[in-house]
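What follows is the residue order along each chain.
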Amino acid sequence: MTETLKNATTVDRSSLTDRLLLWGGVAGPVIFVLAFTIAGLLRPDYSPIEQAISDLGVGPNLWLLNVPLVLLGAFIVAFCVGLTRVLGPRLGDPWRWICTVLLALPGLGYAWAGIFTEAPATMTLHWVVGMPLVGLGAIAGFLITGLRLRRLESFRGLGTYSVVASLLTLALIVVMFSTWTLGFGGLTERVFFIEILAWYVVAAFRLLRDEPTGAAADS
């Protein structure tokens, strides 16, 4: 009886940990979107249509963007750990680790951008490292994870969405870089980032809905 209670307590604690980690996929994006929206409103000379979000990371109230960027990175990485704990056995080896690393890359890219800002001394590091981590990580992570999830009957919908999100992310990168000279690159950049972050929110809610009972599905 005592052993049974101990096992039940361990399972409950593990489930709680998984859920807290998965909620990172919701909390991070929400905090970040609210942060750059508020930071933009507080800067009278700032244009969200024409200017990059990263422009808010230098100058007045720069912490309003940079702190949430680092938090976003931490939350996305936490979500990826939760995803591995919940879905890992069904993704299989070595795919569970490949998917986890790729899906965590955008989080690392966001955190990087919050640490190495657009300040003159770190401008190159900000764009040359941060943007590829976010964009390429999302494209590869969504695609490979989606293809693996499509093999699981109960996650086929999320798998299809993930593949579509990968292709859409690629298309939005092209659109974003082609519109900077047209005067509305800031707008397309926002669409690009929100589309990527939406995947983490959708995936988090899908896994939270299934966890912990879904751990046995498709096994």
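Residues numbered from 1 in each chain as written. Predicted model: local features only at pLDDT ≥ 70, side-chain atom pairs only at ≥ 80, totals over all residues. Heavy atoms only, no water.

Student: Mind laying out a nonpolar patch on the surface, listing which residues take part and the relevant values?
Tutor: On the surface, a nonpolar cluster with roughly 450 Å² of combined accessible area is contributed by Ile31, Leu62, Trp63, Val67 and Leu71. The element contributing the most residues to the nonpolar patch is helix α2 (residues 63-91), with 3 residues. Relative to the helices and strands, Trp63 is located in helix α2. (Patch = residues over 30% accessible without salt bridge, like charges linked within 9 Å, V, L, I, M, F, W, Y side chains within 5 Å. Areas by Shrake-Rupley, 256 points an atom, 1.4 Å probe, with all protein chains shown as cover. Salt bridge = Lys/Arg side-chain N within 4 Å of Asp/Glu carboxyl O. Helix = DSSP H or I, 4+ residues; strand = E, 2+ residues; numbered from the N terminus.)

Student: Could you give an account of empty space enclosed by the protein, naming the residues involved and the relevant values?
Tutor: Evaluation of the coordinates by the stated rule reveals 2 cavities of 30 Å³ or more. Approximately 140 Å³ is the volume found for the largest cavity. In this structure, the largest cavity is lined by 14 residues; those nearest its centre are Ser54, Tyr110, Ala113, His126 and Phe193. Elements that contribute at least two residues to the lining of the largest cavity include exactly α3 (95-115), α4 (123-149) and α6 (185-210). With 5 residues, α4 is the largest single contributor of residues to the lining of the largest cavity. Considered class by class, the residues forming the lining of the largest cavity number 9 nonpolar, 4 polar and 1 charged. Lining the second largest cavity are Ala39, Leu42, Arg43, Leu56, Pro60, Asn61 and Leu64. The residue makeup of the lining of the second largest cavity, split by class, is 5 nonpolar, 1 polar and 1 charged. (1 Å grid on protein atoms, 1.4 Å probe; cavity = no way out; pocket = protein on both sides within 12 Å on 5 of 7 lines; lining within 4 Å. Points joined across faces, edges and corners; volume = space filled by probe spheres on them. Nonpolar A, V, L, I, M, F, W, Y, C, P; charged D, E, K, R; others polar.)

Student: Mind laying out the confidence of the model for the chain, listing which residues take part and the relevant values?
Tutor: Looking at the chain as a whole, its pLDDT mean stands at 90, while 90% of the residues score no less than 70. Contacts for the low-pLDDT stretch residues 5-9, under 50 throughout, to residues beyond four places or in other chains number 0 contacts. Note that residues 213-217 has pLDDT below 50 and, in this model, 4 contacts with residues that lie over four places away or in other chains. (pLDDT = per-residue confidence, 0-100. Contact = heavy atoms within 4.5 Å.)

Student: How would you summarise α4 if you had to cite specific residues and measurements?
Tutor: Relative to the 39 Å expected for 27 residues at 1.5 Å per residue, α4 spans 37 Å between its end C-alpha atoms, a close match to the ideal helical length. Remark: the principal bend of α4, roughly 25°, maps to Gly137. (Expected span 1.5 Å × (residues − 1). Bend = angle between axes of the 7 residues up to and from the residue.)

Student: So, helix α5 (residues 156-179): which residues are in play, and what are the values?
Tutor: The end-to-end C-alpha distance of α5 is 34 Å, a good match for the 34 Å that 24 residues give at a rise of 1.5 Å each. Against α4 and α6 lie the buried residues of α5.

Student: Could you give me a rundown of the packing of aromatic side chains, with the residues and numbers involved?
Tutor: If you walk through the whole model with that rule in mind, you get 11 aromatic pairs. Seen in terms of ring centroids, Trp23 and Phe205 are 5.6 Å apart; in terms of plane orientation they differ by 85°. Their pairing is edge-to-face. Placement of Trp23 in helix α1 (residues 2-41) and of Phe205 in helix α6 is noted, with a sequence separation of 182 residues between them. We classify Phe205 as partly exposed; its relative accessible area is 42%. Ring plane angle 85° and centroid distance 6.2 Å describe the contact between Phe79 and Trp199, whose orientation is recorded as edge-to-face. One end of the pair, Phe79, is in helix α2; the other, Trp199, is in helix α6, with 120 residues separating them in the sequence. Neither Phe79 nor Trp199 differs from the other in exposure class; each is buried. Three or more aromatic residues joined by ring pairs form one cluster here, namely Phe32, Phe36, Tyr110, Phe192 and Phe193. Between the NZ or CZ atom of Arg206 and the centre of the ring of Phe155, over which it lies, the distance is 4.3 Å. (Phe/Tyr/Trp six-rings, centres within 6.5 Å; stacked < 30°, edge-to-face > 60°. Buried < 20%, exposed > 50% of the residue type's maximum accessible area, 1.4 Å probe, protein only. Lys NZ or Arg CZ within 6 Å of the ring centre and 35° of its normal.)

Student: So, the pattern of salt bridges: which residues are in play, and what are the values?
Tutor: Here the structure, examined in full by the defined rule, presents 2 salt bridges. Residue Arg96 pairs with Asp93 through a salt bridge whose shortest N-O separation is 2.9 Å. The class for Asp93 is exposed, based on a relative accessible area of 55%.

Student: Account for the packing of α3 against α6, naming residues and giving values.
Tutor: Contact geometry for α3 and α6: axes closest at 11 Å, N-to-C directions at 130°. Classified by the angle their axes make, α3 and α6 are oblique. The element α3 and its partner α6 pack so that their crossing is left-handed. Mapping the contact onto sequence places Leu103, Pro106 and Tyr110 in α3 and Phe193, Ile196, Leu197, Trp199 and Tyr200 in α6. (Axes fitted to C-alpha atoms, helices over the stretch in contact; angles between N-to-C directions. Parallel < 35°, antiparallel > 145°, perpendicular 65-115°, else oblique. Left-handed = near helix turned anticlockwise from the far one by under 90°.)

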